[in-house]
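So the chains spell out like this:
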Amino acid sequence: MTKQARSEYTRLHLVRSAAELFDRNGFAGATLDDVSRAAGVTKGAFYFHFASKKELGGAIQAEACGMLRSFVDKLTATEAHALQSLIDITHMLARWLDSEPVIRASLRTARECGDRGRPFVDFYVELLATLEATLLRAKRAGELDDGVLVDVVSTLVITVCVGIEVLWWAGIRRGNMRAGLGDMWSLMLPGIVSGDRLAEFHTEGSEAVSPD
């Protein structure tokens, strides 16, 4: 392994180790000493990659944004309906919330530090922009019902996603997160597309979203 490759590996390892700690203990509850120990590196090695915990938090947000972009690129290349892509993005988010510390840490940090602005809300900003761009594609393709406003639907969808994250994180709701999301899409979809097109969309997510 080259020196550059080792450096990139160490940086990613720090990001993922920190994400697990931020997910479990919160941004304020995880110290840089905790992160260094969890990653198995010295404080000097940590500061080689990150100048502060804020910068590390930004790196976690960036990693989460990269995961979202990669998934959306795959959908855009393979799916015919933009609205199905929108549904699948929310299902992948639910899947990540069940299994991916980077995503969970990004959202928990946003809850705790959102009043401090960026980079703590970067994943929310990216998610909202992605939802709106996907909805605009759906509108241009004639998939949305007449009179449906993109900003209203994007606000509704991100509110549902955030609400699911909070309810399951707090233990108020139990069971399969994606099944609950599918039920909510069954309620929302008739208000977004005309009745004669409902059968074109899979509220439980398509094959693009790996099964639980």
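Our structure's up above, just so we're on the same page.
Just so you know, these numbers come straight off a predicted model, no measurement behind them.

The rules behind each value
Once a new chain begins, its residue numbering starts again from 1 and follows that chain's sequence as written. For a predicted model such as this one, the threshold for reporting local features is a pLDDT of at least 70, and the threshold for listing and counting side-chain atom pairs is 80 or more; totals across whole chains, interfaces and linings nevertheless cover every residue. With hydrogens and water excluded, all non-hydrogen atoms of the structure serve as input to the side-chain values. Each helix is a run of DSSP H or I of at least 4 residues and each strand a run of E of at least 2, with the numbering of both proceeding from the N terminus. To get the radius of gyration, use the C-alpha atoms; to get the globule rule, take the number of residues to the power 0.38 and multiply by 2.2 Å. The buried label applies to any residue whose accessible area, calculated with a 1.4 Å probe on protein chains only, is under 20% of its type's maximum; exposed applies above 50%, and partly exposed to all values in between. A contact between two residues is defined here by any heavy atoms of the two lying within 4.5 Å. For accessible areas, the Shrake-Rupley method is used with a probe of radius 1.4 Å. Any residue's cover is judged against the shown protein chains and nothing else. For the purpose of charge, His is not counted, nor are the chain termini; Lys and Arg are scored as positive and Asp and Glu as negative. Charged groups are reduced to one reference atom each: NZ for lysine, CZ for arginine, CG for aspartic acid, CD for glutamic acid. Salt bridges are identified by distance alone: a Lys or Arg side-chain nitrogen within 4 Å of an Asp or Glu carboxyl oxygen. Only buried residues count toward a nonpolar core. Its members are Ala, Val, Leu, Ile, Met, Phe, Trp, Tyr and Cys residues joined through side-chain atoms within 4.5 Å.

(A) Main features of the overall build of the chain. The helix and strand inventory of the chain stands at 9 helices and 0 strands. For 212 residues, the compact-globule estimate of 2.2 N^0.38 gives 17 Å, and the C-alpha radius of gyration of the chain, at 19 Å, lies within 12% of that figure. If you line up the chain on its principal axes, its C-alpha atoms span 60 × 40 × 30 Å. Relative to its 212 residues, the chain shows a buried fraction of 48%. Counted over contacts in the chain with a minimum sequence separation of 6, partners at least 24 positions apart contribute 70%. Of the roughly 10500 Å² that the chain leaves accessible, carbon and sulfur atoms contribute 55%. Computing the positive centroid from 24 side-chain charges and the negative centroid from 28, the chain places the two 9 Å apart.

(B) Up close: the pattern of salt bridges. A complete count under the given rule lists 10 salt bridges for this structure. In this structure, Asp23 and Arg104 form a salt bridge, with 2.9 Å as the shortest nitrogen-oxygen distance. Here Arg104 lies in helix α6 (residues 101-113) and Asp23 lies in helix α1 (residues 3-25), a separation of 81 residues in the sequence. Classification of Asp23 by relative accessible area gives buried; the value is 14%. In this structure, Arg197 engages Glu200 in a salt bridge whose closest nitrogen and oxygen atoms are separated by 2.8 Å. Assessed through its relative accessible area of 18%, Arg197 is described here as buried.

(C) Representation of the nonpolar core in the model. Phe22, Leu83, Ile103 and Trp185 are the most contacted members of the largest nonpolar core, which has 64 residues in total. Setting aside anything within four residues of it in sequence, one finds Leu83 in contact with Leu135, Ala138, Glu143, Leu144, Leu189, Ile192, Val193 and Phe201.

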